[in-house]
Amino acid sequence: MAEALVSMVMEKIREALVSKVMEKLGEEVDSHSTLVKKFKDVVYDVEDVVFEMIPPPESESGTHDGDDRQRKGKRKWFSFLRDKVQTFISKVASQRDFARQIKEVRAKLDQIAADTSNFSFQLNHSFRGGSELHKAESQTSSLVDESQIHGRDRDRDTIISKLISGSSCEEGRIHVNSIVGVGGLGKTTLAQLICNDERVKNHFHKVLWVCVSDDFNLINLTKAIIQAAGGTSPSNSHLDSLQKQLIETLQDKLFLLVLDDVWNDDSERWERLWLSLQRGAPGSKILVTTRSEKVASTCSESAYMHKLEGLSDDDCWLLFSSRAFAGRKGEDCQALEKIGREIVKKCKGVPLSAKVMGSAMCSKTSTQDWQNILESQTWEIPDIANGILPALLLSYYNLPLHLKPCFAYCSIFPKDHEMGKDRLVKLWLAQGFIKPQGRREMEAIGGEYFDDLLRRSLLQDASVDKERVTMCKMHDLLHDLIQFITKNECCIFENGKSDSSSVLTVRHSSFIATRETSHIPAPLCHAKKLRTLLLISESAIRTIPDNLFQCARSLRALDFGGTHTIIKELPSSIGLLKHLRYLDLSYSKIVELPESVTHLRNLQTLMLNFCTVLQRLPSGMSGMVCLRHLEIECTWALNYLPKGLGRISSLRTLRRFIVGGDVRGCKIGELKRLDSLQGMLKIEHLERVASMDEAKEAQLENKLQLRVLFLKMSPDDALEMSGNGEVERMENVVEALRPPLANLEELEIRGYIGSKFPTWIGDYSSFSKLVKLKLIDCNYCTQLPGLGRLPLLKYLRIVAGLVKRVGSEFYGNSSGGGINGVAFPKLEELEFSNMYELEEWELRLEDREIMPSLHSLTISYCPKLKALPSHLPKSVTSLRIWECYEISGMQCSLPLVNYFEVTSSSGILWPLPNLPSLKTFEISFLENTTCLPYGWKQLESLETLTINYCSKLRSLPDDLGQLKSLRSLQITDCPELRSLPQGLQGLTDLKIDHSPMLAERCRGEDWSNISHIPNIQIY
């Protein structure tokens, strides 16, 4: 709390001064900037001195370690005296050091005071209360809809007409069209609009998108195009072989390749790229977006160059007002419209400016606030740092104080870099940017900061997973803006390209390595002032030099994760980093961490995800009392956690808890005090829990913030525990691990050897939020639990090898199931898999409806199942049947099924099911089938048919050729197939692979029957 208070005070001082200086940019920029830099340096120094004076957090381990107390009691008096004397000397020396540092800071402040006498500074009161601005924001506003595009219909239509008309080549060269315009005009947005237009998608077989940016690396660019075209991810880095692979990938395909944000104007490098793009089908095109006409003329030559102009004031107004007036009443909008339209005129037709300014004005409530923005002198600055738009600078000025450092911090990421929300919030937390709000979780507050920046359009291109924003990017112009603002504090260091002296003075730096980079550059190892060091991209770095930690004692965040490094060892000097709060070593090759890591008493986040050879964690981790996030996903070699982990009651993230044995590791009871755990928890090796009483010690049902829970036994150990006594023990253990039912959304039980499921699993009255349930490898259970009354369950997967029958017990009591007596009222996806004894599935109850919302049904590896239920829900749209050898025919009516996949289950095709809405049909591994059934005329909606690995198939039914809707036919590994049926007039794509007899005939005597098909691939 003391550190947070210091950070907040220092940040207010910094920003108040910076804002005032930035407003004077047109007057004495250099002098002011130098003064600001000096002042910021002093503020950082003050922070470091104050934090040094704050005592480290106290470990709780002493209160639990009776042996340690006993050893202290037995010390000899002279040893005790020696320790006291050493402690006293250390304190005196430390106080001397503090006095020296404070004296140095005082001298710097005196010098700054003398310098400021030349300027007339006044505190800008508009930045005094960030919290008031934050409270004034509209509570009903939501994320910006990026699909809103105005005023670009004519531009879109003009460019599309150039793309889909005319020939592709003049004198053997592919045509390149370009969109040219200044930053922020919407070149990328227009290109995206073009790519998603139905005319383009219908014309080209492939539409490829590659973001080039300012790194025109031929090897990386060629790889990116191959991947965009659907080719396999290239593993080599030889340009010749990559270009050959690209030629093969695009051979005879009609493609549109979009190269977005191009800066290279070197004609020789373009020529080398064009060589590998000339083998596409006639009519293939390339579309380039760039700010430079020189770039466009270099790559386009005589082809079409579209110069993008600014939007009209009316179109800009639509962008601006949709954000500025979000959630306002009509009369409020009318009162502000006149001023708003004047502000829009100052945006000069630039969509980005209109969008960002609109988002900024959303929080301005009074007419005077709007008038102040309109009359700001910032609009009059003709050119700020290479064309930074005044509107963007104004949007930064008007950010609430708490958001400014968070936004500015993003400058250490390269352009077009995807920034993870979770990672960014933890980095902000490590720097002290997130301010406490009572008892609220700091991560939740930081998440709101992120969402706020997204709402203001300062972050964009949000990626969403399960209705949660997970990733984002930043527009190039906004990136230019914050790099300009933070040029003395943040830098992106590129080995061999960056000024090595610049990194010695900055506070936050990222390092862009290459695959050939084998060591951390010397300038980074001597950067004493660094608070952040991030490694971006893959490298060949194996070790971290000891002098990095000896020097950079102020580091708050060290991130070498997410880049698949081959770092194998961490020097013990890392324990010197007293201020370190964030350490990410994910994807490294580290086998074990040094014990000195436990000296990092302020560490909040330790990330070791995908450290696949990591074998042990430090034994003294119980003293790391500030640790909030311990991430050890996919650490396959880690089989135990250190004892005492349960003392770290601050833990919020511990996705993997490995139950220890009698000799080493954490017992499951160490979960008792970890009631702050959030999100997901996997408890592994439950077979090591000795009894029901031991399982109860975990008090799992008190972990109210858990949303996802995995209970797992080791399959190998489960086989050794199949005796009756062991089965009963595991039943009692799992019964005692009753989870927090009221808040749980996902549950998975894997490797369970009990003969019956725990009673709590069907507790529909408590499981009010459960959406996803997996019962995997529960191969000793003979009967499924009653799950039909779980009100919100949407996904259910069951793997239970001994279950012979699925009947009424599965749907729950008829007296009141689900919603209004409906069984599985919300279930959308159901899978029965590896149920080797399943013979019968009953799906009909006289007095109630079952699974009315079911969309996807998968039945796999159920070799004894004789038939599908005769009353499957009519809502099903996707049906998969794999390796169900005994099923014969399908008696039910499924009018909405549009996807049907049959694998090693030929019986279900006789007779051919009547599926009037079927669009995609995949048939595989019908190894004893020589012909397919008739009746294809009834599949009147079928568009795509795939037949794979049918080794004895000799012919296809004649009525298949009469399907007018069929567009794509793919046949793979059917060596006995001799010919295609007559007709196939609507076919646009035909692929024949590893089917030699059919291939030979199609190339020869049957060519006239298929020559009308636009896209033919025969291998």
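Every value quoted in this text rests on a predicted model; they were computed, and no experiment measured them.

Strand order in the open sheet made by the seven strands is 10-11-12-13-14-15-16, with parallel pairing throughout. Edge positions in the open sheet fall to strand 10 (490–494) and strand 16 (629–631), since each of these has one partner strand only. Strand-to-strand, the axes of this sheet are offset by a mean angle of 10 degrees, without reference to chain direction. Both strand 11 (residues 508–512) and strand 12 (residues 532–536) contribute to a ladder of five bridges, which runs parallel. When the sheet's bridge partners are listed, Ile-512 is paired in strand 12 with Ile-536.

Bringing the confidence of the model for the protein into the picture now. The pLDDT averaged across the protein works out to 82; a share of 81% of its residues lies at or above 70. With pLDDT under 50 throughout, residues 120–146 is counted as low confidence; its partners more than four residues away or in other chains account for 51 contacts.

Before going further, it helps to spend a moment on helix 10 (residues 239–250). With twelve residues, helix 10 should reach 16 Å at 1.5 Å per residue; the first-to-last C-alpha distance of 16 Å fits that figure. Looking one or two places after helix 10, you find Asp-252, whose phi comes out positive at around 60 degrees.

Locating Pro-873 in the fold gives a position in the loop between strand 26 (856–860) and strand 27 (878–882). Take Pro-873: its relative accessible area is 7%, and that puts it in the buried class. Residues Pro-873 and Met-851, 22 residues apart in the sequence, show an inter-C-alpha distance of 6.5 Å. Each residue touching Pro-873, except ones within four places of it in the same chain, is listed here: Leu-843, Ile-850, Met-851, Leu-854 and Leu-894.

Moving on, we get to the packing of helix 9 (residues 218–228) against helix 10. Across the interface, helix 9 lies against helix 10 with an axial gap of 10 Å and an inter-helix angle of 25 degrees. One element, helix 9, and the other, helix 10, form an angle in the roughly parallel class. When you trace helix 9 past helix 10, the crossing you get is left-handed. On the side of helix 9, the interface is formed by Leu-218, Ile-219, Thr-222, Lys-223, Ile-225 and Ile-226, while helix 10 contributes Leu-239, Leu-242, Gln-243, Gln-245, Leu-246 and Thr-249.

All right, on to the pattern of salt bridges then. Throughout the structure, instances matching the rule amount to 39 salt bridges. A salt bridge links Lys-345 to Glu-342, with the nearest nitrogen and oxygen atoms 3.4 Å apart. Of this pair, Lys-345 and Glu-342 both sit in helix 14 (residues 330–346), separated by three residues, roughly a single helical turn. Residue class for Lys-345 comes out partly exposed when judged on its relative accessible area of 46%. For Glu-342, a relative accessible area of 35% translates into the label partly exposed. Its salt-bridge partner being Glu-443, residue Arg-628 comes within 2.8 Å of it at the nearest N-O pair. Taken together, the positions of Arg-628 in the loop between strand 15 (605–607) and strand 16 and Glu-443 in helix 20 (residues 442–455) put the pair 185 residues apart, joining distant regions of the chain. For Arg-628, a relative accessible area of 14% puts it in the buried group. Shared partners join several salt bridges into a network, and the residues in it are Asp-153, Arg-156, Asp-157, Asp-197 and Arg-199.

Our focus in this paragraph is the packing of aromatic side chains. Here the structure, examined in full by the defined rule, presents 19 aromatic pairs. For the ring pair Tyr-396 and Phe-407, a centre distance of 6.3 Å and an interplane angle of 40 degrees mean the geometry is tilted. Remark: Phe-407 occurs in helix 18 (residues 404–409) and Tyr-396 occurs in helix 17 (residues 390–397); sequence separation between them is eleven residues. Judged by relative accessible area, which is 3%, Tyr-396 ranks as buried. Judged by relative accessible area, Phe-407 falls into the buried class, the value being 0%. Between Phe-925 and Tyr-949, the aromatic rings sit 4.9 Å apart at their centres with planes inclined by 15 degrees, giving stacked as the arrangement.

So, on to the sheet that holds strand 7 (residues 419–420). With respect to topology, three strands assemble into an open sheet ordered 7-9-8, the strand pairing being antiparallel. The two strands at the open ends of the sheet, each matched to only one other strand, are strand 7 and strand 8 (460–465). Summarising the sheet, strand 7 and strand 9 (residues 468–473) pair through two bridges and their orientation is antiparallel. Bridging from a neighbouring strand, Gly-420 pairs with Met-471 of strand 9.

Conventions we followed
- Residues numbered from 1 in each chain as written.
- Predicted model: local features only at pLDDT ≥ 70, side-chain atom pairs only at ≥ 80, totals over all residues.
- Heavy atoms only, no water.
- Pairing = 2+ DSSP bridges.
- Helix = DSSP H or I, 4+ residues; strand = E, 2+ residues; numbered from the N terminus.
- Axes fitted to C-alpha atoms, helices over the stretch in contact; angles between N-to-C directions.
- pLDDT = per-residue confidence, 0-100.
- Contact = heavy atoms within 4.5 Å.
- Expected span 1.5 Å × (residues − 1).
- Buried < 20%, exposed > 50% of the residue type's maximum accessible area, 1.4 Å probe, protein only.
- Parallel < 35°, antiparallel > 145°, perpendicular 65-115°, else oblique.
- Left-handed = near helix turned anticlockwise from the far one by under 90°.
- Salt bridge = Lys/Arg side-chain N within 4 Å of Asp/Glu carboxyl O.
- Phe/Tyr/Trp six-rings, centres within 6.5 Å; stacked < 30°, edge-to-face > 60°.

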